[in-house]
Every structure is written in structure tokens, then in C-alpha cells.
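# Chains, contacts and geometry: an overview
Here is how the chains run, residue by residue.
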Amino acid sequence: MRSSINRPPTPDANEEPEKEPTLQEIINIKLIESGEKEKLMELLRERLIECGWRDEMKAICRAYARKKGRNNVTVDDLVHVVTPKGRASVPDSVKAELLQRIRSFLTSAAI
């Protein structure tokens, strides 16, 4: 069989066609492009410090390090232990405030 120079190459079966970005990806891109994501991150930092969440997480890390021995603890160990507790202990008021700010942004950005 002869090949044709006029015919485009056939795509490989294992190559995925470019897919459309999800709504979550689109929102994330818009938040980053507008600088709103950084503002939200700063607001979250401030609120978590104000409510004592950060100090609570530090205390959990220190207690874990003391229990295991300072030289026997890695950052990965701390992340594995603290992440579930940290996510569960974020105050509902902080979550609600961030959610409201995100909704306001989406309304103003007409997404």
C-alpha cells in the first residue's frame, strides 16, 4: 500500500484527544488570572490565625513530633497525620465566608 502525501496522519489510538476543561478548571483559571485566588488565600490565612486554628495545628504537630521523637518524623508523616484533622477543624464560619466570596466573584465574572 502506498502512502499519500495529501492525507493527514492517522492519530494513534492510545492518544487522547484534547478535552474541554471542566467547570472547576475554568473557575480556577479565572481566579488565578484575576488575582482573586491569592486574595482568597490571604483571607483564609488571616481567618485561620484569628480563630486559633493555626496554633492548634502547630500543637498537634509538636505533640506528634514529641511522641515519635524529633529525629524520626518527616514532613510527609506530619502531613499524613495533620491533614484530616486540619480539614475537619476549619470553622464553619470561615468556610461560609470563603464560599460567599467565591460566589460573589463568580457572579461578577459572569461564569
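Conventions we followed
Residues numbered from 1 in each chain as written. Predicted model: local features only at pLDDT ≥ 70, side-chain atom pairs only at ≥ 80, totals over all residues. Heavy atoms only, no water. UniProt positions renumbered as here; feature names shortened; annotations may be inferred. Helix = DSSP H or I, 4+ residues; strand = E, 2+ residues; numbered from the N terminus. Core = buried A, V, L, I, M, F, W, Y, C linked by side-chain atoms within 4.5 Å. Buried < 20%, exposed > 50% of the residue type's maximum accessible area, 1.4 Å probe, protein only. Contact = heavy atoms within 4.5 Å.

Under an unreviewed UniProt entry, the chain has the name Transcription and mRNA export factor ENY2 and belongs to Elaeis guineensis var. tenera. As stated in UniProt under Sequence similarities (unreviewed entry), the record for the chain gives "Belongs to the ENY2 family." The UniProt entry for the chain carries this comment under Subunit (unreviewed entry): "Component of the nuclear pore complex (NPC)-associated TREX-2 complex (transcription and export complex 2). Component of the SAGA transcription coactivator-HAT complex. Within the SAGA complex, participates to a subcomplex of SAGA called the DUB module (deubiquitination module)."

Glancing now at the environment of arginine 62. Mapping arginine 62 onto the fold places it in helix H3 (residues 53-68). Here the alpha-carbon distance between arginine 62 and leucine 78, two residues 16 residues apart in the chain, equals 9.5 Å.

On to the nonpolar core. Ile27, Leu31, Leu40, Leu43, Leu48, Trp53, Met57, Val82, Val90, Val94, Leu98 and Phe105 together form the largest nonpolar core, which totals 12 residues. Among the secondary structure elements, those contributing two or more residues to this core are helix H1 (23-34), helix H2 (36-50), H3 and helix H5 (92-109). Those residues within four positions of valine 94 in sequence are excluded, and the remaining contacts are Leu44, Arg47 and Leu48.

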